[in-house]
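# Architecture at a glance
Here's the letter readout for the chains.
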Amino acid sequence: MDEIQALFHGFTVAAQPLNLVLMMVGILLGVLIGVLPGLGGANGVAILLPLTFSMSPTSAIIMLSCIYWGALFGGAITSVLFNIPGEPWSVATTFDGFPMAKQGKAGEALTAAFTSSFVGALVAVLMITFLAPLVAKFALKFGPPEYFSVALLTFCSFIGMAKGTPFKTVVAMMLGFALAGIGLDNVTGQLRMTFGTEQLLRGFDFLIAVIGLFGIGEILLTMEEGLNFKGESARMKMRVVIDTWKELPRYWATSIRSCLVGCWMGITPGGATPASFMGYGLAKRFAKDKDKDSFGRGNIEGVVAPETAAHAAGTSALLPMLTLGIPGSPTAAVLLGGLIIWGLQPGPLLFVEQKDFVWGLIASMYLGNIAGLLVVLTTVPFFAAILRIPFSIIAPIIIVICAVGAYTVHNAMFDVYLMLGFGVVGYVFKKLDYPLAPLVLALVLGDRAEENFRQSMLISQGNLSVFWSNPLVGSITGLSMILLFWPLISLILQKLKTK
Amino acid sequence: MPNIYKTVAYALTVGAAVIALTAPAAAQWKPTKPVEFVVPAGTGGGADQMARTIQGIVEKHKLMSESLVVVNKSGAAGAEGFLAVKGANRDPHKIIITLSNLFTTPLATNVPFNWKDLTPLAMLALDEFILWVNAETPYKTAQEYLAAVKAAPATSPMKMAGTGSKQEDQIITAQIEQALGVKFTYVPFRGGGDVAVQLVGKHVDSTVNNPIEAVAQWRAGSLRPLCVFDSKRLPYNDKIAGTMSWGDIPTCREQGLAIEYLMLRGLFMAPGVTQEQVAYYVGVMQKVRETQEWKDLMANGAFNQTFMTGDAYRKWVADAETMHRAVMDKAGFLAK
């Protein structure tokens, strides 16, 4: 039980008064960063990184990682309240979180989101504590074909999620792929579909699309519906938290599934965003038939699933960073840069040479997440109360925040116009009953998936059998195929039974 | 008489005006608002780390009166960042750190910029490149590995992984191919860390990672350095991995592969800035170079610590551009 001993040593490092203060500061800053769309965890950490150079590496990483936890928590707040994902991984939270808020159940949705975030993180930290070396070895098995098969699995677990016809889902997804293709192609180093303009060089950032499609689109819809935003009945009591907690244990199966998906995606490193989509997709697929329709209309399980997965992935993303030096998420990439600047070498020897640092960080993951949960839960009633403000006052504020957020992503005014454009697209999509989620998913994962596919083709000299070439990649690809054709398979099975 | 008064008065006015004009120039120019430090690459990469270290050093030692703000503009292999600085004519409150994409991006994509559009400030350091293989492979020297590359059948060439497409890693690969008449399958990845891990996982056969990108895996005994693409061995003799130091890695030239490639870590400013403004930042960077934090970064990444300014720097950049154009032309990487 070396780990336990090391962990307790870590707690003595993390629990020094200065480190505790930095932890709280980090969480508060992180929540703030998470609430503002556009100003993501990666940006927040990057901005504050230079301030930490005069601190000890352990204190510095404790503060910065707490910003990261804070951002993971905070991303859910605007998703639930205004349908604006504060962070990419909270897009899936809007699907059911926002309908809940509309029904006056914002407090419940927020409590569920925060609590399941905490559960996801806790499971991931436990895994980091006890399985780090083992898991690190597993991550090494991932080459381009494996990455592609994971992306494929995400897409496939998503198909059939939308309520409309499959045709509409495919149209939305293809549009997403097309948008993801704009900008520099990493495999050939060529520009694609930029039409000679400088503005399109950057490609379409997924965050800007999301802010527009969800945030602005929603405001346009609400305006059409006569400016009434049914959040007035939001209660302002701490009772909400307790009541929701009583209800949550019922979703244990979804939680476990999402934890597994999250840890897996964090390590491999797929990242928190695909994890949240996959968690949501699986929760819906495994739901009982009578519950299936309630997804997307305010089912609390639709909040639990993506939040658990996202937080588990976000946390376990730090593991490959520490053990291998590969960042599992953009924020982890920035932290990795920090490690090097502080004079630490991330990699297999970090656990051996820098015990104080590593175990101090792991201990701070436990403490930081507990502190984070307490901080955000106490704010639930206040955030829920924001919805009591009349829409005519809150809407302009939301638009301003969205614009600021879109601008922050690249410091470019063009992105603000783009966001407004996406707002109109979002409105039209909703009016014509096209699903937005497949478009967003394709935009997030599309270029990565394409890159991994083409890398695989380079490695295999164009032979598709590379996706079945070993048990690992073969089983992931197989699973995706089953998920993809499941509606068809179940149809055939039913026919056979009736015959 | 009145005329004389007039002349004297005139002379006095002119004199005063001249003094008024020269006085601010004599006093050193200083930034009057926060300075934007553009990084034409993503967060976490080599250029970004260097920029953020400089930002931290400047802040900690109070080397500038205004703050330095790092901004990542990584779109289109850095073109976004270069175009932003190119467009900020005569703005002394923007500096940009470069990597080889200063040359490779415009050559490979035809995006309209060239280093001549910017004002050269200073070369901070040069980044080294090393040929790495997995430590479990039997290749102990570059000669052995390159012989295996030569012997590989045309249907399954050895796989070289690198960062980006038609950028520094692929250019070195092309140089090896051109020098030895061999063929690699080049597989582009997004960042140096990814590349190193792909090699550890044996998904590819070799890489040309920068020292800092692969050092952790070297120390853990999973990667083996074969040779360094520089004219002489690295001047760092502290033991890094077991009994090996950076200085123990032979040069590729020693191994019969006469290729040298160093990547510029240099600074540029917007077009049309004045000499005083350039001199101010050169002064700041000289102070940065004297700090312990900077020296630590250099040793960690086994950097080549050449520092250049003015004409020497301009000439180095011009030569490097000629070299890139020649290699990329031969490899067919130039945009049509």
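Residues numbered from 1 in each chain as written. Chains lettered and ligands numbered in written order. Predicted model: local features only at pLDDT ≥ 70, side-chain atom pairs only at ≥ 80, totals over all residues.

## With respect to the sheet that holds strand β13 (residues 308-309) of chain B
Residue and element names in this part refer to chain B. Definition in use: DSSP bridges decide pairing: two strands pair if at least two such bridges lie between them. Here a helix means four or more residues in a row that DSSP labels H or I, a strand means two or more in a row labelled E, and each is numbered from the N terminus. Residue pairs are scored as contacts if the distance between their C-beta atoms, which are placed from the backbone, is within 7 Å. To define axes, lines are fitted to C-alpha atoms, for helices over the stretch in contact only, and angles between the resulting N-to-C directions are given on a 0 to 180 degree scale.
Spatially, 6 strands are ordered β2-β1-β3-β12-β4-β13 in an open sheet, and the strand pairing comes out mixed. Across the chains shown, the open sheet's two edge strands, defined by having one partner strand only, are β2 (68-72) and β13. In this structure, strand β1 (residues 35-39) lies alongside β2, joined through 5 bridges in parallel fashion. Bridging from a neighbouring strand, Val38 pairs with Val71 of β2. Of the strands in this sheet, β4 (119-127), β12 (263-269) and β13 are in contact with helix α11 (residues 310-331), which crosses β4 at around 70°.

## Observations concerning the interface of chain B and chain A
Rule in force here: Charged residues are taken to be Asp, Glu, Lys and Arg, nonpolar residues to be Ala, Val, Leu, Ile, Met, Phe, Trp, Tyr, Cys and Pro, and polar residues to be all remaining types, Gly included.
Contact with chain B, which involves 46 residues of that partner, is made by 45 residues of chain A. Going through the elements one at a time, α2 (46-60), α3 (79-87), α4 (101-109), β7 (184-189), α7 (192-200), α8 (211-219) and α10 (292-300) of chain B are the ones with two or more residues in the side of chain B that touches chain A. The element best represented in the side of chain B that touches chain A is α2(B), accounting for 8 residues. Its residues assigned to classes, the side of chain B that touches chain A comprises 15 nonpolar, 20 polar and 11 charged.

## Section: the confidence of the model for chain B
Residues and elements named next belong to chain B. Our working rule: Confidence of the predictor at the level of single residues is given by pLDDT, which spans 0 to 100.
Mean pLDDT over chain B: 84, with 91% of residues reaching 70 or higher. Note on residues 18-26: pLDDT under 50 across the span, and 1 contact to partners over four residues away in sequence or across chains. This prediction of the complex comes with two scores: 0.82 for pTM and 0.80 for ipTM.

## Regarding the nonpolar core
The cut-off we apply is this: We define the nonpolar core as any set of buried residues of the types Ala, Val, Leu, Ile, Met, Phe, Trp, Tyr and Cys, connected via C-beta atoms lying within 7 Å of each other. Here the C-beta atoms are placed from the backbone, and a residue counts as buried if at least 20 other C-beta atoms lie within 10 Å of its own, exposed if 12 or fewer do, and partly exposed otherwise.
Val80(A), Leu110(A), Ile208(A), Val440(A), Leu443(A) and Leu267(B) are the most contacted members of the largest nonpolar core, which totals 269 residues. By residue number, the principal contributor to this core is helix α4 (residues 57-82) of chain A, which donates 17 residues. Setting aside residues up to four positions removed in sequence, Leu267(B) forms contacts with Ile95(B), Ile96(B), Ile97(B), Leu121(B), Ala122(B), Leu124(B), Tyr281(B) and Met285(B).

## What about the domain arrangement of chain B?
All names here are of chain B. The line we're drawing: All domain edges in this entry derive from an automatic or database-based domain assignment.
Under the domain assignment, chain B is made up of domain 1 (35-127 + 263-331) and domain 2 (130-248). Between the C-alpha centres of domain 1 and domain 2 there is a distance of 26 Å. The partner domain 2 presents 17 residues to the 19 residues of domain 1 that form the contact. The set of elements that each furnish at least two residues to the side of domain 1 that touches domain 2 consists of α4, α10 and α11. For the side of domain 1 that touches domain 2, the element with the highest residue contribution is α11, accounting for 5 residues. Tallied by class, the residues present in the side of domain 1 that touches domain 2 amount to 8 nonpolar, 9 polar and 2 charged.

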